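Chain residues, written in single-letter form:
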Amino acid sequence: MKRKLHVLFFFLIVALNSKIPSAVKEVVHKNILVLHSYHKNYLWTENIQKAIEKVLSNIKPIHLYIEYMDSKRFYNEAYYNHLFNLYKFKYQNDNFDVVIVADNDALDFFIRHKNELFHNAPMVFCGINNFNNSMLKGEKNITGVIEEVDKMSTVDIALKFHPDRKKIVAITDTTITGIENKKVFEKQLKYIKNISFILIQKEYFSGLLSELKKIERDAIIIVLSAFYKNSSGIMLPNLIVNKIITEQIKCPIYSFWDFSLNSSVVGGMFVSGKDQGDTAARLAIRILNGEKAGNIPIIMKSPNKFMFDYNSLKKWNIDFSLLPVDAIVVNEPYSFYKKHKTLIWTTIIIFNVLLLIIIFLLFNIFLRHKAEKALAESEERFKLALEGARDGIWDLNIKTGETKFNSTYYAMLGYKIDDFPQHIESFLKLLHPDDSDLIVSLFSELQKKAGNNKEKFEIEIRLKTKPGTYKWILSRGKITEYDDTGKPLRLTGTHVDINERKEAEKEKEILIKVLEVTNEKLSEAL
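Residues numbered from 1 in each chain as written. Predicted model: local features only at pLDDT ≥ 70, side-chain atom pairs only at ≥ 80, totals over all residues. Heavy atoms only, no water.

### With respect to the nonpolar core
(1) Moving on: Counting 55 residues, the largest nonpolar core has Trp44, Ile100, Val124, Phe161, Tyr254 and Phe308 as the members making the most contacts within it.
(2) Moving on: The residues touching Val124, leaving out its near neighbours within four places in the chain, are Val98, Val99, Ile100, Val101, Thr143, Gly144, Ala280, Leu283, Ala284 and Ile287.
(3) Moving on: The next biggest cluster of nonpolar side chains, apart from the first, holds 28 residues, and it includes Leu83, Val101, Ala106 and Ile146. (Core = buried A, V, L, I, M, F, W, Y, C linked by side-chain atoms within 4.5 Å. Buried < 20%, exposed > 50% of the residue type's maximum accessible area, 1.4 Å probe, protein only. Contact = heavy atoms within 4.5 Å.)

Below, the structure written as structure tokens:
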């Protein structure tokens, strides 16, 4: 017996162990690499990264890897080779489910080392200037959103804001982005007439300031790219560059990127780093959900927006009515109306609707006399109902047979509310057979007296209780509504339990008979 138990226990353990691996599922993390062209503290890059992280925060579990190439400051071949060796060492054992690259340098780097570093992972790009398909070198497992800088929309709005200024000074740096933007801008200038243009391209900020100081103060400055170095060769932040230019040159500045706001720039048709990162992250999620990157169309229209700084608009006395309808204004002082615009207009609409309702109700007061007759009949019916509040109440629609009974009506006969339906048929089934003719006669009499709204009735009937016995009921009622031909349409009334009274009357009759018989026998005896 013990041997059998040992064998059974052994097989039980084996069976349980065989099920454990299938019961515990390994959590599979998605590996995502974000490769930025520039450094972490560059506002454009920071905005892209924040947007990516916000969108991907809803996707769990993931492992998010972030790399910054810092190619605005270091961009020679030796540096790129160093990055290659560094990334190869860091990610030699990692496979990425998707790689997000931001800006042109990261795209070029990814295409060059797609197989060696990234193991042919699908890629999503954003922030790509002057995009064309040749940049992908024939690679198919790629999608993304381009960064299309709408330079002419910014120029047009600047000229609209400053119609008295007939000179545009475009400034740029010597970075790859600056050089490319200069080429594109020079081609587009051919289509603008009656405006003089000056293009200034410098590597050092001091050299830029020297050239700008030669410019008269009737110009508009357009920033094509602003990565300038100080005398020590250190790259200056865009915010500082724009503020110094505004303070020393005294000309309005326009740009193409949202990160340049809050730096004395008036505004422009802006490319948004936030929108670029948001769009790229959503494309990446589609890939993580099973779509092939090559099957997702590249978004060729950059999600640009007109954006302006309130303080700069006021400084240059720009008429706010000239702003595009969908323009975004930042740094605007608190306005109760703008803050609660929806609430204010909702309140106004509700007030007007209520006012119309009040007018409508006032108008209907003049029509109330038409309903006085019906109201009087209704009051009579409710009065009758209130008088019989302790009794069973019924309300019969003669046309449909629908009959409303109150709870006392049911309880009087020992029933619950759901024991029989509220219909005249229920009443007739409970009625004692010997009282049927009485009811038929009553209805016949009521029909003959149609139109007499004072017609009332009072009869004694027997109704069947739930235990099966019959109980005496005093039924009172009145015609409370007539149809258009004057025939009764509705009867309303009450039921009063008179069973004890009837029993007492019956006992009284019996006692009287007993007394009569007793008296007769006494008389005979005497």
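Still more ground to cover, so stick around.
### Digging into the sheet that holds strand 17 (residues 488-497)
(1) Moving on: The sheet built from 5 strands is open, its strands ordered 14-13-17-16-15 with antiparallel pairing. On the outer flanks of this sheet lie strand 14 (403-405) and strand 15 (456-464), each paired with one strand and no other. Adjacent strand axes in the sheet meet at a mean angle of 25°, parallel and antiparallel pairs treated alike.
(2) Moving on: Strand direction decides the pairing type here: strand 13 (residues 392-397) and strand 17, joined by 6 bridges, are antiparallel. Along strand 17, the bridge assignment pairs Ile393 with Thr494. (Pairing = 2+ DSSP bridges. Helix = DSSP H or I, 4+ residues; strand = E, 2+ residues; numbered from the N terminus. Axes fitted to C-alpha atoms, helices over the stretch in contact; angles between N-to-C directions.)

### Here's the deal with the pattern of salt bridges
For side chains of opposite charge, pairing can occur when their charged atoms come near one another.
(1) Moving on: Under the criterion given, the structure shown has 21 salt bridges.
(2) Moving on: Here Arg73 ties to Asp70 by a salt bridge, and the two come within 2.6 Å at their closest N and O atoms.
(3) Moving on: Linking Arg112 and Glu77 is a salt bridge whose minimum nitrogen-to-oxygen distance equals 2.8 Å. Taken as a pair, Arg112 in helix 4 (residues 104-112) and Glu77 in helix 3 (residues 77-91) lie far apart in primary sequence, 35 residues in all.
(4) Moving on: Take Glu77: its relative accessible area is 42%, and that puts it in the partly exposed class. (Salt bridge = Lys/Arg side-chain N within 4 Å of Asp/Glu carboxyl O.)

### Digging into the pairing of strand 6 (residues 167-172)
(1) Moving on: Taken across its 6 residues, strand 6 has 6 buried, putting it largely inside the fold.
(2) Moving on: Covered by surrounding structure in strand 6 are Lys167, Val169 and Ile171 together with Ile168, Ala170 and Thr172, the residues of both alternating faces.
(3) Moving on: Crossover connection from strand 6 via helix 6 (residues 176-188) to parallel strand 7 (residues 196-201): handedness right-handed.
(4) Moving on: Relative to strand 8 (residues 219-223), strand 6 runs parallel, the two sharing 5 bridges. What sits directly across from Ala170, in strand 8, is Ile222. (Right-handed = clockwise from strand over helix to strand, strands pointing away.)

### Some thoughts on a nonpolar patch on the surface
(1) Moving on: Taken together, the side chains of Ile349, Ile350, Val353, Leu354, Ile357, Phe360 and Leu361 define a hydrophobic patch exposed on the protein surface, amounting to about 660 Å² of accessible area.
(2) Moving on: Position of Leu361 among the secondary structure elements: in helix 12 (residues 341-365). (Patch = residues over 30% accessible without salt bridge, like charges linked within 9 Å, V, L, I, M, F, W, Y side chains within 5 Å. Areas by Shrake-Rupley, 256 points an atom, 1.4 Å probe, with all protein chains shown as cover.)

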